[in-house]
Amino acid sequence: MRVTPRLAMQATRALRGHDHPNFKNGIWLGNWGDLGSPKQKGLTSYALSPNRQRALAGTMHAAIFNVSRRTRDQILYWLPPLLIAYAAMQWAMERNEFLNSKPGRETEASQQMDSVTS
């Protein structure tokens, strides 16, 4: 077979184009978007312009009602321990103030003396 300029051009186009396997860089599956599979039919895609979207639509409404609903559902799990801890802290602060006062020291000293003599 004689190489004509037209045949040489066709061979060059095939070698430089993207329609041939490139075994040096890996396995060839086809062109981008056409990875060796038949064309898809019946697929419809829709898009909405970014400046037509409402990214924060209903955020405040959902936030208020979701917070109230979640709080109502969970309040019995965290409120009783919170109240118990608050009451214990109040008692501890009052007891500490009493023990660091003059009457508290006298009472504590008299109790220690009673326990030593008994």
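Refer to the structure printed above.
All values derive from a computational prediction rather than experimental measurement. (Residues numbered from 1 in each chain as written. Predicted model: local features only at pLDDT ≥ 70, side-chain atom pairs only at ≥ 80, totals over all residues. Heavy atoms only, no water.)

## Some points on the overall build of the protein chain
Part 1 of the argument: When helices and strands are counted, the protein chain shows 3 helices and 0 strands.
Part 2 of the argument: Listed by position from the N terminus, the elements making up the protein chain come as α-α-α.
Part 3 of the argument: Here the protein chain holds 118 residues, and 1% of them are scored as buried.
Part 4 of the argument: Carbon together with sulfur atoms contributes 61% to the accessible area of the protein chain, which is approximately 11800 Å² in total. (Helix = DSSP H or I, 4+ residues; strand = E, 2+ residues; numbered from the N terminus. Buried < 20%, exposed > 50% of the residue type's maximum accessible area, 1.4 Å probe, protein only. Areas by Shrake-Rupley, 256 points an atom, 1.4 Å probe, with all protein chains shown as cover.)

## Details of the pattern of salt bridges
Part 1 of the argument: Under the definition given, this model contains 1 salt bridge.
Part 2 of the argument: The salt bridge involving Arg 72 is made with Asp 73; its shortest N-O contact spans 4.0 Å.
Part 3 of the argument: What makes Asp 73 partly exposed here is its relative accessible area of 42%. (Salt bridge = Lys/Arg side-chain N within 4 Å of Asp/Glu carboxyl O.)

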